[in-house]
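# Overview (structure and organization)
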Amino acid sequence: MKIADKEISQPAGMKQTGGQSGFKQKLLAFASLIILVIVFSISSSNFFQFSNLVGILVSTAVIGVLALGATFVIITGGIDLALGTIMTFSSVMVGVIITFWGLPVPLGIVGGILAGALCGFVSGLMVAKMNIPPFIATLAIMMVTKGLSLVITGAKPIYFNDDPIFAKIAMGKMIPGIPNTIVIFLLLGMIASIILSKTIIGRYNFALGSNEEATRLSGVNTVKWKIIIYSITGIFSGIAGILMASRLNSAQPSLGTGYELEAIAAVVIGGTSLSGGVGSILGTIIGALIMSVLTNGLQIMSVAQEWRTVIVGVVIIIAVYADILRRRKQ
C-alpha cells in the first residue's frame, strides 16, 4: 500500500469477486437461478410466458437497485438497515417537490436523489466519525426517516395525477415491450460495477472490508471514504424511491419497511460476504433475480403467503451459513 489517498493495492485474493471462491459463489448462484427457472417452468406453463418474465424483472428492479447500494456498504463489513425507509423518504420528498411545491419533474428527481444521499451521508458520519456501530446508526436513521415520511405527508399518500410524465419514468417503454424501470436497473448495475471494479472508490471499498486498520495505518482517510460509501448507498436508495413512486404513481409514506431485508438477502445470496472484503455487482444482480423468481414462482404455484415467507427465510439462512463456511475455509 502507498501512503496516499490516490493509490492502494488490495490484499491477495480480495479482488472484486473474492478470487476463485467468489467465482464459484457466483457460479453457484447462477446455477441456482437456472434451476429455479426450470423447476417453476415445469410446474406451471404460465411461468415462462413473456409477460410474466417481464413482471419478474419489474419486481426485481426496486429491490435490485437497493441491493446495488447495499453491496457497497456490506463489502466494507458494515450494514444499512435504513435502505427501505430512505427509499420511502426520498419518494415522499419527490412528491413534496413536484406536487406540493409545483416544481418541474426533473427538480423533483434531483431532490429525491439528494434526500437519499443526505441520509446516507448522516449514516456514514455516525458510523465513521462518531464510531456508532452500523447496526445502531442505520437503525436510528430507519426510525427517523420512517417518522419524517409520516409527519411530512400526514400519513397520507401523495399522488402524481397532475404529472403523467412522472409515471413514464418507470413504466414508460423506450424499448418496445420493456418497461423503463428494467433498463434503468441494468444501467445502474453497469455503473455500480464500473465504480466497484475500476475506480478508487471500489479499491478503498474492498480495502476497508479486508482490513480497515491496515488501510488507516497506510495513510488513507478511512473516515472520509466510509462516509462517501454510505452516501453512495443513499443515492441508490433515493433512485429506488423514485422508481417506486413512479411505478405506483404515488408516494406511499407507510411503504418501505422490510425492503432492506430483501435487498440485503439478495446481496448475500449473490456471494457478498457479511464479514466484508468480498463481493460483486454481478452476484448481487443474480441474487436479486433469485429472490424475485422464487417469490413469483411460489405465487404462481398458489403457495400461501405465509409459507412463501417461511421459504424465503430459509433461503436467507442457507445463504448466510454458506458464507460462514466459505470464510472458514479461507
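Starting from 1, residues in each chain are numbered consecutively following that chain's sequence as written. Where totals are concerned, whole chains, interfaces and linings use all residues; where local detail is concerned, this predicted model gives features only for residues with pLDDT of at least 70, and gives and counts side-chain atom pairs only at 80 or more. Excluded from the side-chain calculation are hydrogens and water; included are all heavy atoms of the structure.

Moving on, we come to the environment of Phe48. Per the convention used, a helix needs a DSSP run of H or I reaching at least four residues, while a strand needs a run of E reaching at least two, with both numbered from the N terminus. One can find Phe48 in the loop between helix H1 (19–43) and helix H2 (50–75). Once the C-alpha coordinates of Phe48 and Ser210 are considered, the two residues, 162 residues apart in sequence, prove to be 41 Å apart. Among all residues touching Phe48, those that are not within four sequence positions of it are Val37, Ser41 and Leu53. In this analysis, two residues are considered to be in contact whenever any of their non-hydrogen atoms come within 4.5 Å of each other.

Attention now moves to the layout of surface pockets. Method remark: on a 1 Å grid restricted to protein atoms, a set of points is classed as a cavity if a 1.4 Å probe fits but cannot get out and as a pocket if it is open with protein on both sides within 12 Å along at least five of seven lines; lining residues have an atom within 4 Å of a point. Grid points are joined across faces, edges and corners, and a volume is the space filled by probe spheres set on the points. In this structure, the largest pocket spans a volume of roughly 590 Å³. The wall of the largest pocket is formed by 21 residues, among which Ile63, Glu262, Met291, Ser292 and Thr295 lie closest to the centre. Listing elements by their share of the lining of the largest pocket, those giving two or more residues are H2, helix H9 (222–248), helix H10 (259–269), helix H11 (281–300) and helix H12 (305–329). With 6 residues, H12 is the single largest residue contributor to the lining of the largest pocket. Grouping the constituent residues of the lining of the largest pocket by class yields 9 nonpolar, 9 polar and 3 charged. Volume-wise, the second largest pocket comes out at about 270 Å³. In terms of lining residues, the second largest pocket is bounded by Gln25, Leu28, Ala29, Ser32, Leu36, Ile269, Ile290, Leu294, Val315, Ile318, Ala319 and Ala322. Elements with a minimum of two residues in the lining of the second largest pocket: H1, H11 and H12. By residue number, the principal contributor to the lining of the second largest pocket is H1, which donates 5 residues. Each residue is assigned to one of three groups, with Ala, Val, Leu, Ile, Met, Phe, Trp, Tyr, Cys and Pro labelled nonpolar, Asp, Glu, Lys and Arg labelled charged, and all others, Gly among them, labelled polar. Here the residues of the lining of the second largest pocket are counted per class, giving 10 nonpolar, 2 polar and no charged.

Only rings of Phe, Tyr and Trp enter the pairing, Trp through its six-membered ring, and a pair is recorded when the two centres are within 6.5 Å. The plane angle decides the type: under 30 degrees is stacked, over 60 is edge-to-face, the rest tilted. For the coordinates displayed, the defined rule picks out 4 aromatic pairs. Ring centres of Phe160 and Phe166 lie 4.2 Å apart, and the angle between their planes is 25°; this geometry places the pair in the stacked category. Here Phe160 and Phe166 have matching classes, each one buried. Accessible area is worked out with a 1.4 Å probe on protein chains only. A residue is then buried under 20% of its type maximum, exposed over 50%, and partly exposed in between.

So, on to unusual backbone geometry. In the Ramachandran plot, Asn249 falls in the positive-phi region, its phi being about 55° despite a non-glycine side chain. Turning to its location among the elements, Asn249 is positioned in the loop between H9 and strand S2 (250–251). Positive phi is not limited to glycine here, since Ser302 has a value of about 65°. Relative to the helices and strands, Ser302 resides in the loop between H11 and H12.

Moving on: the packing of helix H7 (residues 180–198) against helix H8 (residues 200–217). For the pair H7 and H8, the least separation of the axes is 5 Å and the interaxial angle reads 65°. Of the possible angle classes, the one that applies to H7 and H8 is roughly perpendicular. Packed against H7, whose contacting residues are Ile195, Leu196 and Lys198, the element H8 presents Ile201, Gly202, Arg203, Asn205 and Phe206 at the interface. Note on definitions: angles span 0 to 180 degrees between N-to-C directions of axes, and those axes are lines fitted to C-alpha atoms, for helices only across the stretch in contact. Angles below 35 degrees are treated as roughly parallel, those above 145 as roughly antiparallel, those between 65 and 115 as roughly perpendicular, and all remaining angles as oblique.

This part is about a nonpolar patch on the surface. Residues enter a patch when their relative accessible area is above 30% and they make no salt bridge; the linking distance is 9 Å between like charges and 5 Å between nonpolar side chains (Val, Leu, Ile, Met, Phe, Trp, Tyr). Exposure was quantified through the Shrake-Rupley algorithm and a 1.4 Å probe, taking into account, for residues, occlusion by the shown protein chains and nothing else. Counted as salt bridges are all cases of a side-chain nitrogen of Lys or Arg within 4 Å of a carboxyl oxygen of Asp or Glu. Side chains of Phe30, Ile34, Ile38 and Ile42 sit close together on the surface and give an oily, nonpolar patch of about 400 Å² of accessible area. Secondary-structure assignment places Phe30 in helix H1. A relative accessible area of 42% places Phe30 in the partly exposed class.

Further remarks concern the pattern of salt bridges. A full pass over the atoms with the stated rule returns 2 salt bridges. When the shortest N-O distance is used, the salt bridge between Lys226 and Glu212 registers 2.9 Å. With Lys226 in helix H9 and Glu212 in helix H8, the pair connects residues that are 14 residues apart, well separated along the chain. Residue classification places Lys226 among the buried positions, given a relative accessible area of 10%. Ionic pairing is found between Glu213 and Arg216, a salt bridge with its closest N-O pair at 2.5 Å. Residue Glu213 and its partner Arg216 are located together in helix H8, separated by 3 residues, close to a single helical turn. Glu213 sits in the partly exposed class, given a relative accessible area of 41%. Residue Arg216 is classed as partly exposed on the basis of its relative accessible area of 41%.

Counting residues in hydrophobic clusters, the biggest one holds 72 residues, and the most contacted among them are Val65, Phe72, Phe236 and Val293. Looking at this core, the element that brings in the most residues is H2, giving 12 residues. Once residues within four sequence positions are removed from consideration, Phe236 is found in contact with Val65, Leu68, Gly69, Phe72, Leu188 and Ala192. What is meant by a nonpolar core is a set of buried Ala, Val, Leu, Ile, Met, Phe, Trp, Tyr and Cys residues, joined one to another through side-chain atoms within 4.5 Å. Counting residues in each nonpolar core, the second largest holds 12 residues, with Val92, Val94, Ile169 and Ala245 among its members.

Attention shifts here to the confidence of the model for the protein chain. Residues shown with low pLDDT carry predicted positions that ought not to be read at fine detail. What pLDDT reports is the predictor's confidence in each residue, on a scale of 0 through 100. For the protein chain, the average pLDDT comes to 89, and 93% of its residues sit at 70 or higher. Confidence scores differ between elements of the protein chain, with H12 showing the lowest mean pLDDT of 82 and helix H4 (residues 105–128) the highest of 97. In the model, residues 1–17 has pLDDT below 50 throughout and makes 56 contacts with residues more than four positions away in sequence or in other chains.

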